[in-house]
Structures are given as structure tokens and as C-alpha cells.
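# Geometric and topological summary
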Amino acid sequence: DGGITQSPKYLFRKEGQNVTLSCEQNLNHDAMYWYRQDPGQGLRLIYYSQIVNDFQKGDIAEGYSVSREKKESFPLTVTSAQKNPTAFYLCASSPLNEKLFFGSGTQLSVL
Amino acid sequence: QKEVEQDPGPLSVPEGAIVSLNCTYSNSAFQYFMWYRQYSRKGPELLMYTYSSGNKEDGRFTAQVDKSSKYISLFIRDSQPSDSATYLCAMSDQGNQGGKLIFGQGTELSVKP
């Protein structure tokens, strides 16, 4: 059963806490992406990676960090520096220069 | 001004109606235009993809691009309750559909039986 798996589905963060969102794909895609979705603002690119051990900042990278140690995995850490983390986070993957496939998302909220 | 503007709705129509969803954009370099459908709290899925100007039809869906007016549209014929979702337009100036997409805000559509 191929696809993109995001976990957890819901996540709560306390003040000053770092939290990590998981994204795993078994589609053998080279590229992976993280988007943030806020009501009324569409999707905004946080980070993307086109190859293992390499990644680039998107439009709103401040307060976030990523790693790409394996082709299948692209976890996103929301750090305490991100002052407004409440949002729906979407991970996507694609073969290079091909269409995006999205995961089912993680809703992050602040306690 | 945002690069891509999309009426957020919500838009409510009766079953069987023709639906018109629209986006305007400001960057004349955009060449690749997409429409995504997103059901509530799910990931978006690609619905239509168009390169440059013109029309593309797929079943009940038609995508139109007018580059001279910087305006794209998605038409849904014979709308069904299962079409109720948020529709996102997206576009790129790069030669692929990859992550460097600029998305509209999304239009929430409700089709009533």
C-alpha cells in the first residue's frame, strides 16, 4: 500500500517546547516538501528537499527545522522560536519535476 | 497584493448546477497552472493541470487559462454533493509541478442535494 504517511494526526505543543512532525513515503520519490496551511491563506512552503542530506528553505522557514537522512523520511521540527505554530501541516513528495502527492496532514495546536 | 488571489467563498450551489471557480494572478512568468481538490482535513489531490493558455477538459471538469488577463477558471458541470470540498488553484513559473508552487487561498464549495 504505497503512499505518504504523516503522524500524528493531531499534536499539541506547550510554550517553549519543540515538537517533531513525522513524514514517511514509500513511493521512492526523490523530492519531499513541507507546507503550512492556515485558514484563508492557502498553502505556504516551509522547506523542501530534492536529495538525501540536502534541503532548502521555502518562503516561511523561520522557526522550523528539517532533516533528510533517508530518502523515505523528512521530519519537520517546530521549534520554540515559531511564535504562531497553530496550523495544518502538509507533507508532500514527488518524483523530480513531477506532480505532488500529499499526505493527510497534521493539525498542530498550542496548549 | 498577493501573487495569487482566489475568492475564499464559501460557495453553495444546488446539485446539478454549473460551478465556476476563479483565480487571478500578478506574475506574468507563470506558465503552469493547476487545480487541487481538498476534502476536509485531508491532503489536496491534483485535479487538473494546464500549461500556458487554453482549455482542458476531463469529464465534468474544464480548466481555462487566459494569460493575457492573468485569469484562470475551473468549471464543474452537473455538480454532485461529492464535489463538496475546498478547491485550490496553484501555479508555477518553473518547468514542473514540483514544490515551488504558489497557491491561492482556496474556495470552499458546498453542493446541496
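Structure: see above.
We now turn to the structure provided with this report.

Cut-offs applied
Residues numbered from 1 in each chain as written. Chains lettered and ligands numbered in written order. Predicted model: local features only at pLDDT ≥ 70, side-chain atom pairs only at ≥ 80, totals over all residues. Heavy atoms only, no water. Core = buried A, V, L, I, M, F, W, Y, C linked by side-chain atoms within 4.5 Å. Buried < 20%, exposed > 50% of the residue type's maximum accessible area, 1.4 Å probe, protein only. Helix = DSSP H or I, 4+ residues; strand = E, 2+ residues; numbered from the N terminus. Contact = heavy atoms within 4.5 Å. Buried area = accessible area lost by both parts, 1.4 Å probe. Polar contact = N/O pair within 3.5 Å; in protein donor to acceptor, adjacent residues only side chain to side chain. Nonpolar A, V, L, I, M, F, W, Y, C, P; charged D, E, K, R; others polar. Salt bridge = Lys/Arg side-chain N within 4 Å of Asp/Glu carboxyl O. Pairing = 2+ DSSP bridges. Axes fitted to C-alpha atoms, helices over the stretch in contact; angles between N-to-C directions.

Attention now goes to the nonpolar core. Grouped together as the largest cluster of nonpolar side chains are 24 residues, with contacts concentrated most on B:Trp35, B:Ile72, B:Leu74, B:Tyr87 and B:Met91. The set of elements that each furnish at least two residues to this core consists of β3 (19-25), β4 (32-38), β5 (45-51), β7 (61-66), β8 (71-76), β9 (85-92) and β11 (107-112) of chain B. Counting 20 residues, the second largest nonpolar core, distinct from the first, contains A:Val19, A:Cys23, A:Trp34 and A:Phe74.

The partner chain A presents 20 residues to the 18 residues of chain B that form the contact. Roughly 1,600 Å² of surface becomes buried between chain B and chain A when both sides are summed, with 56% attributable to carbon and sulfur atoms. Connecting chain B to chain A are 3 residue pairs in polar contact (both at pLDDT 80 or more). Across the side of chain B that touches chain A, the residue classes tally to 6 nonpolar, 8 polar and 4 charged.

The subject of this paragraph is the pattern of salt bridges. Residues and elements named next belong to chain B. Applying the stated criterion to the full structure yields 6 salt bridges over all chains. Here Glu-45 and Arg-37 are joined by a salt bridge, their closest N and O atoms 3.1 Å apart. Here Glu-45 falls in the partly exposed class, since its relative accessible area comes to 34%.

Residue A:Ser7 is joined to A:Pro8 through a cis peptide bond whose omega torsion reads -10 degrees. Within the element layout of this structure, A:Pro8 appears in the loop between β1 (4-7) and β2 (10-13). Phi at A:Asn28 is positive, roughly 60 degrees, even though this residue is not glycine. A:Asn28 gets classed as exposed once you look at its relative accessible area, which sits at 56%. For B:Asp78, which is not glycine, the phi dihedral falls at a positive 45 degrees. Inspection of the secondary structure assignment puts B:Asp78 in the loop between β8 and β9.

Residue and element names in this part refer to chain B. Across the sheet, which stays open at both edges, the 5 strands sit in the order β1-β3-β8-β7-β6 with antiparallel pairing between neighbours. Strand pairing shows two members of the sheet lacking a second neighbour, β1 (4-6) and β6 (54-58), which therefore form its edges. For this sheet, the mean inter-axis angle between neighbouring strands, taken without regard to orientation, is 15 degrees. Here β7 runs beside β8; their pairing, made up of 6 bridges, is antiparallel. Of the residues in β8, the one forming a bridge with Val-65 is Ile-72.

With that settled, the discussion passes to the environment of A:Arg13. All names here are of chain A. Relative to the assigned elements, Arg-13 resides in strand β2. Spatially, the C-alpha atoms of Arg-13 and Leu-90 are 17 Å apart, while their sequence positions differ by 77 residues. Sequence-distant contacts of Arg-13, that is, excluding residues within four places in its chain, are made with Val-19, Val-78, Thr-79, Ser-80, Gln-82, Pro-85, Leu-108, Ser-109, Val-110 and Leu-111. Polar side-chain contacts of Arg-13 include one of 2.7 Å to the backbone oxygen of Thr-79.

Honestly, it's all geometry; don't read function into it.
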